[in-house]
Amino acid sequence: MSMALLEWAQDKGIDWHHIAPDEPQQNGFIERFNGKLRDECLNEALKEWQEGNKWCRSYSALGNLTPMEILQRKTMDNIAV
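Keep in mind the model is a prediction, meaning the values are calculated, not measured.

Things to note about the overall build of the protein
Along the protein, the regular secondary structure elements total three helices and zero strands. If you list the helices and strands of the protein from N to C, you get α-α-α. Taken over C-alpha atoms, the radius of gyration comes to 25 Å for the protein, far larger than the 12 Å a tight globule of 81 residues would show. When its C-alpha atoms are laid out on the principal axes, the protein stretches across 80 × 25 × 20 Å. Here the protein holds 81 residues, and the buried ones make up 6% of them. Carbon and sulfur atoms provide 57% of the accessible area of the protein, an area that totals close to 7,500 Å². Here the protein holds 9 positive side-chain charges and 13 negative ones, and the gap between their average locations is 10 Å.

Put into structure tokens, the structure is as follows:
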């Protein structure tokens, strides 16, 4: 695929510039964009997923119940007393 892309670029007269490995500062714009995207979007989405997953996923150590179900049962037991 990379050869096809290089051939296409050459046919269209597009200069192809490679970023050297371990030299992200060669393209500071995209590095900044990726950092902002990660900080503002991906990290927030991951936090939400982790919280949801932590409370809504069943665990064998909890008798295949979710932590939310355990909490609800404890709350109901406290109310019944």
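Focus on the confidence of the model for the protein
Taken over all residues, the pLDDT of the protein has a mean of 85, while the share at 70 or more is 98%. Predicted confidence in the protein is weakest over helix α3 (residues 67-80), with a mean pLDDT of 86, and strongest over helix α1 (residues 2-11), with 89.

Quick notes on helix α2 (residues 28-56)
Here α2 contains 29 residues, and its C-alpha end-to-end distance of 40 Å stays within 8% of the 42 Å for a straight helix at 1.5 Å per residue. A maximum bend of about 40° is found in α2 at Arg 38.

Some details on the side chain of Thr 66
Considering the arrangement of structural elements, one finds Thr 66 in the loop between α2 and α3. Assessed through its relative accessible area of 11%, Thr 66 is described here as buried. Once you skip the residues sitting within four places of it in the chain, Thr 66 turns out to touch Trp 55, Cys 56, Arg 57 and Ser 58.

So, how was this worked out
Residues numbered from 1 in each chain as written. Predicted model: local features only at pLDDT ≥ 70, side-chain atom pairs only at ≥ 80, totals over all residues. Heavy atoms only, no water. Helix = DSSP H or I, 4+ residues; strand = E, 2+ residues; numbered from the N terminus. Rg over C-alpha atoms; globule rule 2.2 N^0.38 Å. Buried < 20%, exposed > 50% of the residue type's maximum accessible area, 1.4 Å probe, protein only. Areas by Shrake-Rupley, 256 points an atom, 1.4 Å probe, with all protein chains shown as cover. Lys, Arg positive; Asp, Glu negative; His and termini not counted. Charge placed at Lys NZ, Arg CZ, Asp CG, Glu CD. pLDDT = per-residue confidence, 0-100. Expected span 1.5 Å × (residues − 1). Bend = angle between axes of the 7 residues up to and from the residue. Contact = heavy atoms within 4.5 Å.

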